[in-house]
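Descriptive analysis of the structure
Letter by letter, the chains look like this.
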Amino acid sequence: MKSKIKWAALGGLVLSFLSLLVHLLLAKYSSADLLQYNAMTIFSEDLNMNVEGRQGPGYRKLWKNVKSLESLQPHANPRSRYPVPTKQNNGFIYAKVFGGFEKIRTSICDLVTISRLLNATLVIPEIQESTQSKGISSKFKSFSYLYNEEQFIAALANDVIIVKSLPPNLKEARKRKQYPTFKPKSSASPSFYTREVLPKLKKSKVIGLVLADGGCLQPILPPSLAEYQRLRCRVAFHALHFRPEIIALGHLMVERLRASGQPYLAYHSGLVRDTLAYHGCAELFQDVHTELIQYRRAQMIKQGIIKEELNVDSFVRKGNGSCPLMPEEVGLLLRAMGYPPKTRIYLAGSETFGGQRALIPLRAMYTNLVDRTSLCSKQELTNLIGPEPPLSLDPFQTPPAKSVEQRKEEWAKAGPRPRPLPPPPNRPIYRHEKEGWYGWVAEKDLEPDPSPIDLRNQAHRLLWAALDYIVSVEAEAFFPGFNNDAGGWPDFSSLVMGHRLYEMASARTYRPDRKYLAELFNTTSDNRYYPRRNWTLSVREHLNKSLAEDGLMRESRLSKPKSFLTHPIPECSCTTGKGMNPQLLYEGEDECPKWMEHGLGTAGNEDSSANEIESQEDEMDLEGQLESNDEGSKTDTIPSLEQDEEMDPDD
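The model shown is predicted, which means the values in this text are computed figures rather than measured ones.

Each value, and the rule that gives it
- Residues numbered from 1 in each chain as written.
- Predicted model: local features only at pLDDT ≥ 70, side-chain atom pairs only at ≥ 80, totals over all residues.
- Heavy atoms only, no water.
- pLDDT = per-residue confidence, 0-100.
- Helix = DSSP H or I, 4+ residues; strand = E, 2+ residues; numbered from the N terminus.
- Contact = heavy atoms within 4.5 Å.
- Axes fitted to C-alpha atoms, helices over the stretch in contact; angles between N-to-C directions.
- Parallel < 35°, antiparallel > 145°, perpendicular 65-115°, else oblique.
- Nonpolar A, V, L, I, M, F, W, Y, C, P; charged D, E, K, R; others polar.
- Buried < 20%, exposed > 50% of the residue type's maximum accessible area, 1.4 Å probe, protein only.
- Pairing = 2+ DSSP bridges.
- Right-handed = clockwise from strand over helix to strand, strands pointing away.
- Salt bridge = Lys/Arg side-chain N within 4 Å of Asp/Glu carboxyl O.
- Patch = residues over 30% accessible without salt bridge, like charges linked within 9 Å, V, L, I, M, F, W, Y side chains within 5 Å.
- Areas by Shrake-Rupley, 256 points an atom, 1.4 Å probe, with all protein chains shown as cover.

It is worth spelling out the confidence of the model for the chain at this point. Detailed conclusions should not be drawn from predicted coordinates in areas where pLDDT is low. With 78% of its residues at a pLDDT of 70 or more, the chain shows a mean pLDDT of 80. Strand S8 (residues 265-268) holds the highest mean pLDDT among the elements of the chain, 95, whereas helix H25 (residues 641-644) holds the lowest, 41. Segment residues 31-38: pLDDT under 50, and twelve contacts once partners within four positions in sequence are set aside and those in other chains are kept. Every residue in residues 47-53 is under pLDDT 50, and counting partners more than four places away or in other chains gives twelve contacts.

Here is the structure:
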């Protein structure tokens, strides 16, 4: 009997050991895919989808295209005499591009336009954020780290001659700095280049441009230069393709978001340190984040970027619409529009200032809030980066110990005795207080120079922004937390909105007026989560109007003077015979070629009858869907559908 018990105990120990071993192996080989697994599990548990693949009643009311804008179609081809460039030109232009993803994209588009204007050959620009000195993989050069060089050269063959490098004899002269260099601003006019730059280009045959302002040519050009505006569109939307690995992973993320046939909404918070510092939004945050914003604002004042005082009332700026919408406010707006709690929301932006704390309210309202780390495994992101040389992982170095002679010298210079007791030693600063890019605040008053790891992370942010850009452009709906930056810099949301406007103007792209929404939030500050019916109606009316003509006119007035790519119509679009009257928006809008109208007309006839039936179904049952989405909320927070009909941009 005792031997049987011993054998049973031994068997139990063996099974326990095997179970522990299996768990350890699973943890080792599947930890990289844990976040992706969790995101996919959440999506698969979304119970709102019915058999037909529609997310419950009123699906199309929240996701369908804006019918009144369906007549706007992309058309960036030349429309007048447009000679092909020849090798017998005025010389070469090489350039260094500084800044993040947004500045790089707009600067490259302006560079190509300037090369065409000066009849020059463009050397592939050098992106300073992704040079080899930043510690990136040796398999990439600066431009090819982000974009496809071959596609860039081939797509613009009829516009500008582009080469990968200067001829050998000219390279040596560049190293000796024998060629003139210019640092144009983003507001430089075409006459500046024809009068100041062109004579030196013809003389030296090579010039250099240093671009740090997010562009080198003014956004608005005279009507006689409309072909150069269309060239900007061809560069941004047809030539600047990301390298194949980025495109493949971006489309894979889109497929995962659309799993089970459901749509998704992309949201970019706009919470970026430079933006918050420029507009004086420090008081919207707490503790270390306020200090970091104020430090950056002081730097901008010292550099002459800001002409204002250091301390400003952030809540006044918020009321003026200068500060981004907070994630909590965006969640309340989406809930007022009727988006259900299970809506899939993709969070774009490699930097969300404030971290996860700022996203807690939005995540509480919409549990399917994901980003690239939720949709991609660690291995997939590592493959995108490529093999990189190792760097030191410990940037924190303790100060060297003082020698006996140094301490004696300090004691001799300490002054007459007796002296008071020395102050108690400072509290030690622990490792977790130094980690992160903001760790310097715990030790010093001046922001240190970027470490090698910081420089590498800056290059990585270009890749993350490219993934976010792909997912945001492909989304069924896009909501910006901040755009129309009055500082004149291109911002991520505005570029995405411009791309969506060019590629499919009728896609649901919200264009909120932050000043108007700030006034609305002030009227319901006491009961934000249970607003009155009139407040919800006002939100829907404003956001629905922002989807259509009213939103386009406002963007044309505010955004286009800062960056052409944020609003590339009417120069890069044409109109078909259906939909809105283009004369209501723009004067002199061109009609689409016959071959385009034929293809669009065939597709439109097939969908017209189905749309009529679907719209009748949506109008009957949207109210029931909205009431079921707001479980536990007051009944007067959701207006009736009859009141909402007059606010629909398609009606």
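At a minimum axis distance of 9 Å, the contact between helix H13 (residues 327-337) and helix H22 (residues 533-547) shows a crossing angle of 95°. When the interaxial angle is binned, H13 and H22 end up roughly perpendicular. Here Leu333, Ala336 and Met337 of H13 come into contact with H22, specifically with Trp535, Thr536, Val539, Arg540, Leu543 and Asn544. The class makeup of the residues in the contact of H13 with H22 is six nonpolar, two polar and one charged.

A large share of strand S7 (residues 206-211) lies buried, amounting to six of its six residues. Taking every second residue as pointing to the same face, both faces of S7 are buried, with Val206, Gly208 and Val210 on one and Ile207, Leu209 and Leu211 on the other. Strand direction decides the pairing type here: strand S2 (residues 92-97) and S7, joined by six bridges, are parallel. Paired with isoleucine 93 across the strands is isoleucine 207, a residue of S7. Here strand S6 (residues 181-182) runs beside S7; their pairing, made up of two bridges, is parallel. Its bridge partner being in S7, threonine 181 is matched across the sheet by glycine 208. For the crossover that starts at S6, traverses helix H7 (residues 190-204) and ends in the parallel S7, the hand is right-handed.

This part covers the sheet that holds strand S12 (residues 508-509). Overall, parallel pairing links the five strands, which are arranged S10-S9-S8-S11-S12 in an open sheet. The sheet terminates laterally at strand S10 (369-370) and S12, the two strands that pair on one side only. Inspection of the sheet shows strand S11 (residues 477-480) paired to S12 by two bridges, in the parallel sense. If you follow phenylalanine 478 over to S12, its bridge partner there is threonine 509. Helix H19 (residues 452-474) rests against S8, strand S9 (345-348) and S11 of the sheet, and its axis sits at about 145° to S9.

On to the pattern of salt bridges, then. Applying the stated criterion across every chain yields a total of 20 salt bridges. The residue arginine 230 makes a salt bridge to glutamate 227 at a minimum N-O spacing of 3.2 Å. Placement of both arginine 230 and glutamate 227 in helix H8 (residues 226-239) is noted, with a separation of three residues, approximately one turn of the helix. As far as the burial class goes, arginine 230 and glutamate 227 line up, both buried.

Here we take up a nonpolar patch on the surface. On the surface, Trp7, Leu10, Leu13, Val14, Leu15, Phe17, Leu18, Leu21 and Leu25 cluster together into a nonpolar patch covering about 960 Å² of accessible area. Mapping leucine 21 onto the fold places it in helix H1 (residues 2-30).

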